[in-house]
Amino acid sequence: MTNVKMRSSFLTLWLLLGLALSGVCVAGAENQSPGTVTHEAMAAPQWPAPAITEVLPGVWRVRFGHPERFTPVAVRESSPRVQGFKSLPAPTPLPFEPGQIRCRISASRTTAYVPCSEPGDQIYGFGLDPGAYEQKGLCKTLTVCAEVVGQTGASHGPVPFYLSTKGYGVYVDTARVPVVQVARLTPNASAAANEADSQPLKTSEAQLYAARAARGQTEVIFDLPGNSSGVDVYVFAGPTMREAVQRYNLFSGGGAVPPLWGLGLKFRTFTRADQAQVLKTAGALRAMKIPCDMLGLEPGWQSHAYSCSLAWSKERFPDPDKMIQELQQSGFKLNLWEHAYIHPSSPLFAPLKSRAGDFLVWGGLVVDFADPEAFRLLADYHDREFVARGILGFKGDECDKQPPTDATPFNFPYCSIFPSGIDGDQMTQLYGYYYQRALFQPFKALNLRTWSDVRATTALAAPLPFNLYSDAYTFDQYLRQLVNASFAGLLWSPEVRDSASLDELLNRLALSAFAPQMCLNLWFMPHPDWEQYVHAKNEANQLLPESEQKELAEKLRAVVNQRYALLPYLYSAFQRYHEEGLPPVRSLLLDFPEDKQLRAADDAFMFGDSLLAAPFLGEATSRKVRLPLGANWYELKSQRWHKGGSTVTVTGSPGEMPLFARENSLLPLADPVQQVGRDTVFELTVKAFGNSPAPFTLFEDDGTTFDFESGKLNHVVLTWTPAEGGKAERTGAFSGRRYEIRRWESVRGPE
């Protein structure tokens with residue numbers, strides 16, 4: 001074999017070996033839950049009968065044996081949003097009966113077998129997955145991972161949930177690391193007697209090791225090493241993939257609603273910045289008139305960062321309360337970087353020492369979040385020390401796992417022991433999810449919304465207001481994760497750092513402007529990127545001439561302004577995510593499931609109901625876009641209509657996002673503002689595309705609290721007809737106003 005092939009084989013071997021051995025690194029029998037079946041009693045594998053319950057309309061739970069104590073369902077943030085199911089069409093029959101799902105429980109693993117004999121159809125999902133879009137025929141290893149490991153499914157957000165173009169979804173409720181065979185294995189009953197006679201000898205490694213299509217009755221097989229007790233499998237009906245993913249998100253609790261300001265720009269400052277430099281950066285943003293709502297402080301705000309003291313550095317930030325007040329007066333909110341490994345100098349170290357894992361990370365305690373008291377201690381500390389003093393967001397870093405190629409990983413091992421009884425591999429998979437819940441707790445207690453960041457999560461994460469991010473930085477992978485996130489109830493932030501060229505920087509910024517969060521992360525650059533966008537020169541203080549700085553700031557401002565023009569539109573899409581489970585940024589397949597030509601289209605996406613976005617990759621300023629069947633499309637730049645099903649070539653400038661409006665839709669656009677305050681009122685121009693636009697509903701509330709949950713909100717319904725023009729009808733119990741309609745503009749439909 002070639003060296004490349006050998007390295008790939010060894011990587012796969014070590015990955016699978018580590019997972020197989022994880023089952024023996026568990027807590028002792030004294031920590032087992034009452035329902036756990038001991039290994040001694042499991043000498044012979046069992047095939048338990050399924051216990052089937054329709055838990056919600058179009059959602060079936062198929063239970064085998066005794067589910068483990070620690071799973072995403074068991075530790076979930078929110079109960080299902082039951083009322084949201086009323087907005088969905090009636091479920092249609094599944095291509096298989098839930099009772100046809102099988103399960104084998106042995107002394108070291110539980111394996112679930114889901115029917116998937118669906119020739120001509122495709123599978124999507126399994127979480128963030130930077131390496132693959134179409135999943136059928138692949139082997140997935142759904143471990144949290146800080147880096148890209150081919151098409152294995154290892155990611156910052158691995159989720160054992162998938163969707164079929166047959167119009168259903170399947171979720172396996174586990175905190176183990178599942179190895180999933182996605183309709184790729186041929187059962188021995190399908191062996192062909194004359195197969196050897198029809199196989200010519202191979203003359204290359206590519207031919208020899210090429211994947212072979214499965215035959216016979218194929219299945220999606222979930223292998224759960226370390227689970228010897230049982231599992232729950234959930235099936236979500238359609239009629240299409242769209243409704244299946246909505247049911248999954250509503251089962252999770254409904255999507256998170258951001259604070260209105262959270263959809264603006266987040267600007268993360270230099271890691272060594274002190275109080276004066278942070279204030280200087282804030283002033284520079286306002287001076288350059290680049291809209292921005294949140295500043296993020298990186299590790300240097302703490303007295304010790306790896307591991308974390310979770311205490312202000314008195315040297316760099318002598319008066320943080322004064323700084324917070326000055327930033328608030330300029331319209332900035334503050335976000336603090338941290339991770340959940342607690343340094344001995346932290347006020348939390350002593351109370352958490354007996355409530356942590358048996359190994360340290362960077363000399364710090366690994367919090368046993370499964371212990372309610374440890375969870376409370378960390379949440380209360382953040383409430384008292386930060387949120388009560390004006391901090392409105394956190395960045396929970398380093399809660400993922402290093403890839404198997406890293407021989408000196410920082411992570412706690414799978415064989416870790418925690419006082420709560422959770423074992424190391426379960427805690428590894430759930431650490432980011434628990435961490436989000438603990439950081440979210442003080443905001444809920446104070447009736448405040450946040451829009452925060454996290455480096456890892458798992459299933460049922462839709463209600464959590466945290467955006468995933470990554471140090472991996474390949475443009476196509478950032479885009480693929482944005483699209484894949486819509487299959488799994490995740491929020492992905494393709495944040496912008498440095499770039500090989502100015503053109504790529506602007507194109508990356510344009511992609512970030514059409515994501516759930518827009519973020520410029522300059523943690524390793526002491527100067528704003530408009531002063532110097534090349535990392536090495538920025539760090540060496542080799543700044544651009546002032547005229548070029550102003551020119552670059554103008555280009556950045558134009559991209560950010562486009563984001564702010566779309567804030568009311570995007571904010572309303574998030575409310576629909578909350579109420580109906582429909583992702584605001586989503587794969588084209590969720591809107592056009594019947595268009596088979598879109599099954600490989602991971603380079604374009606829907607941004608709300610009205611817009612299709614097709615970003616330029618890298619330094620490109622031209623690309624082809626295949627437009628979905630079922631609608632005509634209006635290209636905003638060329639001001640031309642295109643027929644659905646056609647492929648068009650678009651051109652533009654770096655930083656432009658090629659956009660197409662769906663025929664018979666409305667698009668409210670706001671005059672950009674510098675920041676979103678409590679009293680901000682957006683002045684809107686509503687564009688009507690086509691001759692019979694569907695109504696559009698704006699969500700209106702205070703933009704900062706959860707009072708909308710108790711009915712303090714308005715729905716502003718926009719309608720337009722050729723005869724009567726545009727109308728806005730406001731209903732609801734919110735006494736304020738967020739929107740004023742200034743103009744209506746119509747674009748006639750195609751002839």
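Further up the page is the structure itself.
Residues numbered from 1 in each chain as written. Predicted model: local features only at pLDDT ≥ 70, side-chain atom pairs only at ≥ 80, totals over all residues. Heavy atoms only, no water.

(A) Broad picture of the overall build of the protein chain. Secondary structure assignment for the protein chain yields 13 helices and 34 strands. Here the C-alpha atoms of the protein chain give a radius of gyration of 26 Å, agreeing with the 27 Å that 2.2 N^0.38 yields for 751 residues. Looking at the protein chain as a whole, 60% of its 751 residues are labelled buried. Taking all contacts inside the protein chain whose residues are at least 6 apart in sequence as the whole, residues at least 24 apart take part in 73%. Total accessible area on the protein chain is roughly 28100 Å²; 51% of this is exposed by carbon and sulfur atoms. If the 71 positive side-chain charges of the protein chain are averaged to one point and the 79 negative ones to another, these points end up 2 Å apart. (Helix = DSSP H or I, 4+ residues; strand = E, 2+ residues; numbered from the N terminus. Rg over C-alpha atoms; globule rule 2.2 N^0.38 Å. Buried < 20%, exposed > 50% of the residue type's maximum accessible area, 1.4 Å probe, protein only. Contact = heavy atoms within 4.5 Å. Areas by Shrake-Rupley, 256 points an atom, 1.4 Å probe, with all protein chains shown as cover. Lys, Arg positive; Asp, Glu negative; His and termini not counted. Charge placed at Lys NZ, Arg CZ, Asp CG, Glu CD.)

(B) Region of the structure containing the pairing of strand β32 (residues 714-721). Residues Asn-714, Val-716, Leu-718 and Trp-720 point to one face of β32 and are all buried, whereas His-715, Val-717, Thr-719 and Thr-721, pointing to the other face, are not buried. In terms of strand pairing, strand β31 (residues 696-700) meets β32 through five bridges, oriented antiparallel. Paired with Leu-698 across the bridge in β32 is Val-716. Bridging between β32 and strand β33 (residues 725-732) involves eight bridges; their strand directions are antiparallel. Looking at β33, one finds that Val-717 is bridged to Glu-729. Here β32 folds back onto β33, and the loop between the two strands holds three residues. (Pairing = 2+ DSSP bridges.)

(C) Looking closely at the packing of aromatic side chains. Counted according to the given criterion, the structure contains 49 aromatic pairs. On the basis of an interplanar angle of 80° and a centroid distance of 4.8 Å, the ring pair of Tyr-306 and Trp-362 is categorised as edge-to-face. Taken together, the positions of Tyr-306 in the loop between β13 (294-297) and α5 (320-329) and Trp-362 in the loop between α6 (349-352) and β16 (365-366) put the pair 56 residues apart, joining distant regions of the chain. What makes Trp-362 partly exposed here is its relative accessible area of 33%. Geometrically, the ring pair formed by Phe-412 and Tyr-431 is edge-to-face, given 5.5 Å between the ring centres and 65° between the ring planes. Of this pair, Phe-412 sits in the loop between β17 (393-396) and α8 (424-445) while Tyr-431 sits in helix α8; the two residues are 19 residues apart in sequence, bridging distant segments of the chain. Overall, the relative accessible area of 5% leaves Phe-412 in the buried class. Among the aromatic residues, ring-to-ring pairing joins Tyr-306, Trp-337, Tyr-341, Trp-362, Phe-369, Phe-410, Phe-412, Phe-418, Tyr-431, Tyr-434 and Tyr-435 into one connected group. Directly above the aromatic system of Tyr-478 lies the positively charged group of Arg-508, at a separation of 5.8 Å from the ring centroid. (Phe/Tyr/Trp six-rings, centres within 6.5 Å; stacked < 30°, edge-to-face > 60°. Lys NZ or Arg CZ within 6 Å of the ring centre and 35° of its normal.)

(D) View of the pattern of salt bridges. Within the structure shown, the criterion is met by 51 salt bridges. Of the charged contacts in the structure, one is a salt bridge between Arg-102 and Glu-219, with a shortest N-O distance of 3.0 Å. Here Glu-219 lies in strand β10 (residues 219-225) and Arg-102 lies in strand β3 (residues 102-105), a separation of 117 residues in the sequence. Among the ionic pairs, Asp-603 bridges to Arg-623, the shortest N-O distance being 2.9 Å. Of the two residues, Asp-603 sits in the loop between β21 (585-587) and β22 (605-607) while Arg-623 sits in strand β24 (residues 622-626), which places them 20 residues apart along the sequence. One connected set of salt bridges, linked through shared partners, spans Arg-242, Arg-576, Glu-580, Arg-586, Asp-591, Asp-609 and Arg-662. (Salt bridge = Lys/Arg side-chain N within 4 Å of Asp/Glu carboxyl O.)

(E) Structural view of the sheet that holds strand β28 (residues 659-662). Strand order in the open sheet formed by six strands is β21-β22-β23-β28-β25-β26, and the pairing between neighbours is antiparallel. Because the sheet does not close on itself, it has two edges, and the strands there are β21 and β26 (640-642). Direction aside, neighbouring strands of the sheet carry axes that sit 35° apart on average. Pairing between β21 and β22: three bridges, direction antiparallel. Looking at β22, one finds that Ser-587 is bridged to Phe-605. (Axes fitted to C-alpha atoms, helices over the stretch in contact; angles between N-to-C directions.)

(F) Inspection of helix α12 (residues 546-565) at higher detail. The end-to-end C-alpha distance of α12, which contains 20 residues, comes to 28 Å, matching closely the 28 Å that a straight helix rising 1.5 Å per residue would cover. Restricting attention to buried positions, one finds in α12 the residues Gln-549, Leu-552, Ala-553, Leu-556, Val-559, Val-560, Arg-563, Tyr-564 and Ala-565. On its buried face, α12 is in contact with β12 (265-268), α10 (502-512), β20 (518-521), α13 (567-580) and β29 (665-670). (Expected span 1.5 Å × (residues − 1).)

(G) Here's a closer look at empty space enclosed by the protein. For the structure on display, the rule yields eight cavities of 30 Å³ or more. Here the largest cavity is characterised by a volume of approximately 80 Å³. In this structure, the largest cavity is lined by Leu-482, Ala-485, Ser-486, Gly-489, Leu-490, Leu-491, Trp-492, Pro-516, Tyr-577, Pro-583, Pro-584 and Val-585. Of the residues contributing to the lining of the largest cavity, the split by class is ten nonpolar, two polar and no charged. (1 Å grid on protein atoms, 1.4 Å probe; cavity = no way out; pocket = protein on both sides within 12 Å on 5 of 7 lines; lining within 4 Å. Points joined across faces, edges and corners; volume = space filled by probe spheres on them. Nonpolar A, V, L, I, M, F, W, Y, C, P; charged D, E, K, R; others polar.)

(H) Layout of unusual backbone geometry. Across the junction of Tyr-306 and Ser-307, the peptide omega takes the value 0°, indicating a cis bond. Structurally, the position occupied by Ser-307 is in the loop between β13 and α5. Located in the positive-phi region is Ala-183, a residue other than glycine, with phi close to 50°. Here Ala-183 shows up in the loop between β9 (179-182) and α2 (205-208).

(I) Examining the sheet that holds β10 more closely. Strands sit in the order β3-β4-β10-β9-β6 across an open sheet of five strands; the sheet is antiparallel. Only two strands of the sheet have a single neighbouring strand rather than two, namely β3 and β6 (139-141). Each strand of the sheet is rotated relative to its neighbour by a mean of 15°, with strand direction disregarded. As defined by bridge partners, β6 adjoins β9 across three bridges and the pair is classed as antiparallel. Across the sheet, Cys-139 pairs through a bridge with Gln-181, a residue of β9.

(J) Seen up close, α8. The end-to-end C-alpha distance of α8, which contains 22 residues, comes to 30 Å, matching closely the 32 Å that a straight helix rising 1.5 Å per residue would cover. Of all the bends found along α8, the most pronounced is centred on Leu-430 and spans about 55°. Asn-447 lies just past α8 and shows a positive phi near 55°. (Bend = angle between axes of the 7 residues up to and from the residue.)

(K) Structural detail: the pairing of strand β11 (residues 230-237). Burial of β11 is extensive: eight of the eight residues sit out of reach of the surface. Two strands pair when backbone bridges link them, and strand β2 (residues 59-65) and β11 are joined in this way by seven bridges, in the antiparallel orientation. By the bridge assignment, Gly-65 is partnered in β11 with Gly-230. As judged from the six bridges shared by strand β8 (residues 168-173) and β11, these two strands associate in the antiparallel manner. If you follow Tyr-168 over to β11, its bridge partner there is Ala-237.

(L) Representation of the environment of Arg-586. If you trace the backbone, Arg-586 turns up in strand β21. Put simply, Arg-586 and Arg-242 are 344 residues apart on the chain and 9.8 Å apart in space, counted from C-alpha to C-alpha. Not counting the four nearest positions on each side in its chain, Arg-586 is found in contact with Arg-242, Ser-486, Asp-591, Phe-605, Met-606, Gly-608 and Asp-609. Side-chain polar atoms of Arg-586 contact the side chain of Asp-591, separated by 2.6 Å. A polar atom in the side chain of Arg-586 sits 3.4 Å from the backbone oxygen of Gly-608. (Polar contact = N/O pair within 3.5 Å; in protein donor to acceptor, adjacent residues only side chain to side chain.)

(M) Representation of the packing of α10 against α12 within the structure. Between α10 and α12, whose axes approach to 9 Å, the crossing angle comes to 20°. In terms of their interaxial angle, α10 and α12 are classed as roughly parallel. Seen along the crossing, α10 lies across α12 with a hand that is right-handed. Residues Leu-502, Leu-506, Leu-509, Ala-510 and Ser-512 of α10 pack against Leu-552, Lys-555, Leu-556, Val-559 and Arg-563 of α12. For the contact of α10 with α12, a count of residues per class yields seven nonpolar, one polar and two charged. (Parallel < 35°, antiparallel > 145°, perpendicular 65-115°, else oblique. Left-handed = near helix turned anticlockwise from the far one by under 90°.)

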